[in-house]
Amino acid sequence: MCFIRTAEPLEYHRSFLKENCRPDGRELGEFRPTTLNIGSIGTADGSAMVKIGNTTVICGIKAELSAPPSDAPDKGYIVPNVDLPPLCSSRFRPGPPGEQAQAASQFIADVIDGSKIIKKEDLCIEKSKLCWVLYCDIMCLDYDGNVLDACIITLLAALKNTQIPKVTINKETDLAEVDIEHKRHLQINKHPVSSSFAVFDDTVLIVDPTAEEESLATSVITAVVDEDDQLCAFHKPGGSSLSAEKLQDCITRSVTRHREVGKLIDKVLESTKASK
Amino acid sequence: MDQIETGSGSVLREYGSEQNLLSKPDGSATFLQGDTSVLAGVYGPAEVKVNKEIYDRATLEVVVQPKVGMSSVRERAREQCVRETCEAVLLSTLHPRSSLTLILQVVHDDGSLLSCCLNAACMALMDAGLPMGRLFCGVTCAIDSDSQIITDPTAQQERESRALMTFAIDSKERNVLMSSTKGSFSVKELQQCIALSQKASEKIFQFYRDSVKRRYSKIL
């Protein structure tokens, strides 16, 4: 039986899934090739760009000085923002950020808080006087599904690349003095890595869905694990129901994926250091 | 409106619900979980804007209005969760090229807000008489610093918790329709929380049944 992709996309995909493969030649449990570039933006304090198949996401981190929040005077801020511009796909219109971009920003903020990737206390310079604000701007350049995974990888790599200058407060003038010569890396406590899954027809579980697969799937799941195999998020915005076995399968696969991505980040960091 | 025992020591707070309070919407309901209260209204099936029209099913729009201030990124994330859960149970193919609008007004937030929104949404959809394949309910679990699991936590308990999870459970197979988590937790804890939520969902569905029965027994 032969189905035309544009006329009957769901039937077209089903005919592949029946044979345990996918239209792009992958197996059901296979991720697309992931490439990473760290330090791509020279003007940012830290940056990284990741490609998962065609999906391209870039993250730049800007550190600014500010007064700490009044309800937590010994903490700094981390402000993530996900942008899905009209450039990356025809599904996004120009104008204020849509629901998907806002939900993604909230998801990233929850992962940062939940995993304690950076201790917010480390960003405080002087209690209730001065702290760092890390603006993490994540932008999608090419939308081909699975942006959440790409966002988390690029955020983690960019944070590992970030260097902030030493700041001291002059006791006499009470002003901050920034020492550009002495920069230090941020202390990264946890390495959360996410893995996304799509469920077809309530039964078939595939990893790393493309945009086409995401729109045809009955449900999309994102699991975030850290190096201690603790879950930082298990996000399933809705869709068809999920049995306990499927859920366990997702988590096992996420743990394997964490190892792979962890190795990739370390390798790229190593090579950027060597090239310097 | 009594405390609902879930069997394994943990309790749900006092639940209350009333349907058909508002005259303008096609369906409406309030849902109370302890001091948390949400008012929901459903409009539809109605005419849809051309740019939002889907040729083979109805377009569902969910709006979460906070008690004070403008709706922010947090509300958008909640809207997405509620919308996709409703889309999974609604038989929206029966109303192609039409719009369904669900408005959730937060009346008071004392913890477990997302699960209360889900419950209010389900009651309002029922009141509107929209075709649904099954029902759903929301359950929130918090894991405190001693690794104790609390179902249906208050705002105070949420603040003191290490992890917070909300699940939507369907009425047919008691499977997880939606999951939204905060904080870090182990796989075992996730499974315990899901099991506890499934147990608690039985009580909530029984509550749904009782309150709908009570309402229709008055009419007849």
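Because the structure is a prediction, the values reported are computed rather than measured. (Residues numbered from 1 in each chain as written. Chains lettered and ligands numbered in written order. Predicted model: local features only at pLDDT ≥ 70, side-chain atom pairs only at ≥ 80, totals over all residues. Heavy atoms only, no water.)

1. Observations concerning the overall build of chain A
Convention followed: The way it works is that DSSP assigns letters per residue, a run of H or I at least four long becomes a helix, a run of E at least two long becomes a strand, and they are numbered from the N terminus. Here the radius of gyration uses the C-alpha set of atoms, whereas the globule reference equals 2.2 Å times the residue count to the power 0.38. Burial status follows relative accessibility: with a 1.4 Å probe on protein chains alone, a residue under 20% of its type maximum counts as buried, one over 50% as exposed, and anything between as partly exposed. Every residue pair with non-hydrogen atoms within 4.5 Å of one another is taken to be in contact. Every accessible area reported is derived by Shrake-Rupley at a probe size of 1.4 Å, with residue values counting cover from the shown protein chains alone. Asp and Glu count as negative and Lys and Arg as positive, but His and the ends of the chain are not part of the count. Where a charge lies is defined by one atom per residue type: Lys uses NZ, Arg uses CZ, Asp uses CG and Glu uses CD.
Helix and strand counts for chain A stand at 5 helices and 12 strands. Against the globule reference of 19 Å for 276 residues, chain A gives a C-alpha radius of gyration of 21 Å, in line with a compact fold. Along the three orthogonal principal directions, the C-alpha set of chain A runs to about 80 × 40 × 40 Å. Classification of the 276 residues of chain A by burial places 49% in the buried group. In chain A, 65% of the contacts between residues at least 6 apart in sequence involve partners at least 24 apart. A total accessible area of about 12,900 Å² is found for chain A, and carbon and sulfur atoms account for 51% of it. Distance between charge centroids for chain A: 2 Å, based on 31 positive and 41 negative side chains.

2. Points about the overall build of chain B
A count of helical and extended segments in chain B gives 4 helices and 10 strands. Reading the helices (α) and strands (β) of chain B from amino to carboxyl end gives β-β-β-β-β-α-β-α-β-β-α-β-β-α. Over its C-alpha atoms chain B spans a radius of gyration of 17 Å, differing by no more than 12% from the 17 Å that the globule rule assigns to 220 residues. Along the first, second and third principal axes, the C-alpha atoms of chain B reach 50 × 40 × 35 Å. Classification of the 220 residues of chain B by burial places 55% in the buried group. Contacts spanning at least 24 positions in sequence make up 64% of the contacts within chain B whose residues lie at least 6 apart. Taken as a whole, chain B presents about 10,100 Å² of accessible surface, with 49% of it coming from carbon and sulfur. Of the side-chain charges in chain B, 25 are positive and 27 negative, and the distance between the mean point of each set is 3 Å.

3. Some points on the packing of aromatic side chains
Note the cut-off: Here a Phe, Tyr or Trp ring, Trp counted by its six-membered ring, pairs with any other such ring whose centre lies within 6.5 Å, and the pair is stacked when the planes are under 30 degrees apart, edge-to-face when over 60, and tilted otherwise. A positively charged side chain is recorded as over a ring if its NZ (Lys) or CZ (Arg) lies within 6 Å of the ring centre. The angle to the ring normal must also be within 35 degrees.
Scanning the entire structure with this criterion turns up 7 aromatic pairs over all chains. Centroid distance Y15 of chain B to F31 of chain B: 5.6 Å. Interplanar angle 80°. Geometry classified as edge-to-face. Of this pair, Y15 of chain B sits in strand β2 (residues 11-19) while F31 of chain B sits in strand β3 (residues 27-33); the two residues are 16 residues apart in sequence, bridging distant segments of the chain. For the pair Y15 of chain B and F31 of chain B, one class covers both residues: buried. Joined through ring pairs, the aromatic side chains of Y15, F31, F205, F207 and Y208 of chain B make up one cluster. Sitting above the plane of the F31 of chain A ring, R257 of chain A keeps its charged end 3.9 Å from the centroid.

4. Some details on unusual backbone geometry
Residues other than glycine predominantly adopt negative phi, and peptide bonds predominantly adopt the trans conformation. Of note, the bond from G44 of chain B into P45 of chain B is cis; its omega dihedral lies within 30 degrees of zero at 0°. Its location among the elements puts P45 of chain B in strand β4 (residues 36-46). Positive phi, close to 55°, is recorded for K116 of chain A, a residue that is not glycine. Its location among the elements puts K116 of chain A in the loop between α2 (99-115) and β5 (124-126). Its relative accessible area of 54% is what places K116 of chain A among the exposed residues. Even without being glycine, R174 of chain B reaches a positive phi, approximately 60°.

5. Describing the UniProt feature "domain: Exoribonuclease phosphorolytic" (unreviewed entry) in chain A
Residues and elements named next belong to chain A. What counts, and what does not: UniProt positions are given in the numbering used here, feature names are shortened, and annotations may be inferred rather than shown by experiment.
Here the UniProt-annotated "domain: Exoribonuclease phosphorolytic" (unreviewed entry) positions come out as residues 30-165 and 192-252. Each end of residues 30-165 is marked by a C-alpha atom, and these two atoms are 41 Å apart; helix forms 24% of the span and strand 37%. Helix makes up 25% of residues 192-252 and strand 39%, and the two end C-alpha atoms of the span are 15 Å apart.

6. Describing the confidence of the model for chain A
Applied cut-off: Residue-level confidence of the predictor is summarised by pLDDT, bounded by 0 at the bottom and 100 at the top.
Mean pLDDT over chain A works out to 91, with 99% of the residues at or above the 70 mark. For chain A, per-element mean pLDDT is lowest for strand β8 (residues 176-185) of chain A, which scores 88, and highest for strand β2 (residues 46-52) of chain A, which scores 96.

7. Structural notes on the UniProt feature "domain: Exoribonuclease phosphorolytic" (unreviewed entry) in chain B
Residue and element names in this part refer to chain B. The residues that UniProt annotates with the feature "domain: Exoribonuclease phosphorolytic" (unreviewed entry) are residues 12-131 and 136-200. Secondary structure content for residues 12-131 is 28% helix and 36% strand, and the end C-alpha separation is 29 Å. Split by type, residues 136-200 is 31% helix and 42% strand. Its first and last C-alpha atoms lie 12 Å apart.

8. Overview of the interface of chain A and chain B
When the parts of a complex come together, some accessible area is lost, and that lost area is often used as the size of the interface. Formally: When two parts are put together, the accessible area they lose, computed with a 1.4 Å probe and summed over both, is reported as buried area. By definition here, a salt bridge exists when the distance from a side-chain nitrogen of Lys or Arg to a carboxyl oxygen of Asp or Glu is within 4 Å. Counting of polar contacts relies on pairs of N or O atoms within 3.5 Å, with two restrictions inside protein: one atom must be capable of donating a hydrogen and the other of accepting it, and residues adjacent in sequence are counted only when both atoms are side-chain atoms. The residue classification treats Ala, Val, Leu, Ile, Met, Phe, Trp, Tyr, Cys and Pro as nonpolar and Asp, Glu, Lys and Arg as charged. All others, Gly included, are polar.
Contact with chain A, which involves 25 residues of that partner, is made by 31 residues of chain B. Here chain A meets chain B over a buried area of about 2,500 Å², counting both sides, of which 51% is carbon and sulfur. The interface formed by chain A and chain B includes 1 salt bridge. When the shortest N-O distance is used, the salt bridge between R83 of chain B and E99 of chain A registers 2.4 Å. Our count for the chain A to chain B interface comes out at 10 residue pairs in polar contact (both at pLDDT 80 or more). Secondary structure elements with two or more residues in the side of chain A that touches chain B: α2, β12 (231-235) and α5 (244-275) of chain A. It is α2 of chain A that contributes the most residues to the side of chain A that touches chain B, 7 residues altogether. The residue inventory of the side of chain A that touches chain B, partitioned by class, reads 9 nonpolar, 12 polar and 4 charged.

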